[in-house]
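Coordinates in review
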Amino acid sequence: MFKTATKALFCAASLTVASLALATDPIVIKFSHVVAEHTPKGQGALLFKKLAEERLPGQVRVEVYPNSSLFGDGKEMEALLLGDVQLIAPSLAKFEHYSKPIQIFDLPFLFDDIHAVDRFQKGPVGQELLTTMESKGITGLSYWHNGLKQLSANKALREPKDARGLKFRVQASAVLDEQFKAIRANPRKMSFSEVYQGLQTGVVNGAENPYSNIYSQKMHEVQSHITESNHGLLDYMVITNTEFWKGLPANIRTELTAIMAEVSMEVNKQAENINQRDKQAILDGGNTEILYLTKAEREKWRKAMKPVWKKFESDIGADRIKAAEAANKQ
Ligand code: SIN
């Protein structure tokens, strides 16, 4: 009798301790990404950690894993769905298996500048695209800019014919594949972490990236020329696992949502400065020449690449493309 009562008491005490521990343990949010820390996304992840831990002390701990150190391309989405990470921010080119309409962001020469991108992302179509993966268990929280992409190679690319026959690294995107086929170049899909080596060993001859990714991955050391083409966009969608997000205590979710909005504003304000800083560092390195296109030359690239739009129009939706074009004119 005494033995049974002691055992019951002991069990109750253990349960109380366990639930206290549960109540006081911070919620751990693993934020995994593939770029360096001094890039727009790298800085955004660190700012999110700082603000979340300052404003929710003891309640939330954010662990940031940069440079594909936890999961690289191709694995991070799966990790999010399995609950192995809670936040990732893949480039918008990496969503085609989850949402066809998000392919809109890869269409070449769709946006005139980053302000038009901003207007589109903040508008109703941009906001709707954040919700297109809910049925797959993925919630889009926000857009983060990196910026417009530049072409690089070991030769001057002034006109589309200069790229003919070259092998270009592309992200896992059918649109980007078609974009290079349209100029009779050869696209090769490759993870971000492999690009430097691919360029160095000649597995690929060229690439397309914003300056911040070129510089932080040292690609300029193995590319003699960059064409400031601004032909396409490399931005991010910060996403989370829907079940995890909905399962958070309401007050914590509300605070994290507000922090994400604040961080997104800061990332989007700083991204262009970071790209300009890194462009200057590339120039200072003295290894890479940056070419600027005349209006007529840029028009040739646009004319060669734009037919790609038609191929993806039904997957993306003609109305969404119209809305993006309209964002250029505001
Ligand atoms: C990134 O900026 O997250 C990487 C984009 C790429 O794969 O080129």
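All values reported here derive from a predicted model rather than from experimental measurement.

Procedures and definitions
- For every chain, the first residue of the written sequence is number 1, and numbering continues from 1 onward in sequence order.
- Thresholds applied to this predicted model are a pLDDT of at least 70 for local features of residues and 80 or more for the giving and counting of side-chain atom pairs; totals over whole chains, interfaces and linings are not thresholded and use all residues.
- With hydrogens and water set aside, each side-chain value is computed from the structure's full complement of heavy atoms.
- Think of it this way: any DSSP run of H or I at least four residues long counts as a helix, any run of E at least two long counts as a strand, and we number them from the N terminus.
- Every residue pair with non-hydrogen atoms within 4.5 Å of one another is taken to be in contact.
- Accessible surface is estimated by sampling points in the Shrake-Rupley manner with a 1.4 Å probe; for residues, cover comes only from the protein chains shown.
- Each pair of strands is called paired provided DSSP finds at least two bridges between the two strands.
- Angular values range over 0 to 180 degrees, each being the angle between N-to-C directions of two axes fitted as lines to C-alpha atoms, with helices fitted over their stretch in contact.
- What makes a residue near a molecule or strand is one non-hydrogen atom of that residue sitting within 4 Å of it.
- For the purposes of these results, a polar contact is taken to be a pair of N or O atoms within 3.5 Å, where, inside protein, one atom must be able to donate a hydrogen and its partner to accept one; residues adjacent in sequence count only when each atom of the pair is a side-chain atom.
- For this classification, Asp, Glu, Lys and Arg are treated as charged, while Ala, Val, Leu, Ile, Met, Phe, Trp, Tyr, Cys and Pro are nonpolar and the rest, including Gly, are polar.
- For a helix, the expected span equals 1.5 Å multiplied by the number of residues minus one.
- Per-residue accessibility, obtained with a 1.4 Å probe over protein chains only, is compared with the maximum for each type, and a residue is labelled buried under 20%, exposed over 50%, and partly exposed between these values.
- Between 65 and 115 degrees an angle is taken as roughly perpendicular, under 35 as roughly parallel, over 145 as roughly antiparallel, and anywhere else as oblique.
- Left-handed describes a crossing in which the near helix is turned anticlockwise from the far one by less than a right angle; the clockwise case is right-handed.
- pLDDT is defined as a per-residue confidence score from the predictor, taking values between 0 and 100.
- When the strands point away from the viewer and the connection leading from the first strand across the helix to the second strand turns clockwise, the crossover is called right-handed.

Brief notes about the overall build of the chain
- Within the chain, the secondary structure is distributed over 13 helices and 11 strands.
- Judged by the C-alpha coordinates and their principal axes, the chain covers about 90 × 45 × 30 Å.
- Within the chain, contacts between residues separated by at least 24 positions form 76% of all contacts whose residues are at least 6 apart in sequence.
- Of the roughly 15,200 Å² of accessible surface on the chain, a fraction of 56% belongs to carbon and sulfur atoms.

Describing the sheet that holds strand β9 (residues 225-228)
- Reading across from one edge, β8-β5-β9-β11 is the order of the four strands in this open sheet, with mixed pairing throughout. At either end of the open sheet lies a strand with only one pairing partner, and these are β8 (207-209) and β11 (289-292). The average undirected angle you get between the axes of adjacent strands in this sheet is 25°.
- As judged from the three bridges shared by strand β5 (residues 150-153) and β9, these two strands associate in the antiparallel manner. Bridge pairing links A153 to H225 in β9.

A short note on the site of the ligand
- Near the ligand the following residues occur: V34, V35, K41, D73, K94, R169, Q171, F192, N209, N213, L234 and Y236.
- Within the side chain of R169, a nitrogen or oxygen atom sits 2.7 Å from an oxygen atom of the ligand.
- In this structure, Y236 approaches the ligand through a side-chain N or O atom, which is 2.5 Å from an oxygen atom.
- In isolation the ligand has 260 Å² of accessible area, and contact with the protein removes 100% of it.
- Residues that form the shell around the ligand fall into these classes: five nonpolar, three polar and four charged.

Looking at helix α2 (residues 40-55)
- Taking 1.5 Å as the rise per residue, α2 with 16 residues should run 22 Å; its terminal C-alpha atoms sit 22 Å apart, in good agreement.
- Looking at α2, one finds that the buried residues are P40, K41, G42, G44, A45, F48, L51 and A52.

Considerations on the packing of α2 against helix α10 (residues 250-285)
- As a packed pair, α2 and α10 sit with axes 9 Å apart at the nearest point and diverge in direction by 150°. Judged on the interaxial angle alone, α10 and α2 are roughly antiparallel. Where α2 crosses over α10, the two elements pack in a sense that is right-handed. Listed contacts from α10 to P40, Q43, G44, L47, F48, L51, A52 and R55 of α2 are E255, L256, I259, M260, E262, V263, E266, V267, A271 and I274.
- Looking at the contact of α2 with α10 residue by residue, the class counts come to 12 nonpolar, two polar and four charged.

Side note on the confidence of the model for the chain
- A residue-level look at the chain finds 93% of positions with pLDDT of 70 or above and a mean pLDDT of 94.
- The low-confidence segment residues 1-21, where pLDDT is below 50, has zero contacts with residues more than four positions distant or belonging to other chains.

Some points on the pairing of strand β7 (residues 186-189)
- Sheet analysis places strand β6 (residues 167-170) next to β7, joined by four bridges and oriented parallel. Bridge pairing in β7 places F168 opposite P187.
- Handedness of the β6-helix α6 (residues 174-182)-β7 crossover: right-handed.

Regarding unusual backbone geometry
- Phi is positive for N67, which is not a glycine, with a value near 55°.
- For N67, the location among the structural elements is in the loop between β2 (60-65) and α3 (76-82).
- Residue classification places N67 among the partly exposed positions, given a relative accessible area of 42%.
- In this model, F109 sits at a positive phi of 60°, which is unusual for a non-glycine residue.
- On the secondary structure map, F109 appears in the loop between β3 (87-88) and α4 (114-122).

Points about the sheet that holds strand β10 (residues 233-241)
- Spatially, five strands are ordered β2-β1-β3-β10-β4 in an open sheet, and the strand pairing comes out mixed. Unpaired on one side and paired on the other, β2 and β4 (138-148) mark the two borders of the sheet.
- Examined bridge by bridge, β3 and β10 share two bridges and lie antiparallel to one another. Its bridge partner being in β10, I88 is matched across the sheet by I239.
- Across the face of the sheet, α2 comes into contact with β1 (27-32), β2, β3, β4 and β10 while running at roughly 165° to β2.

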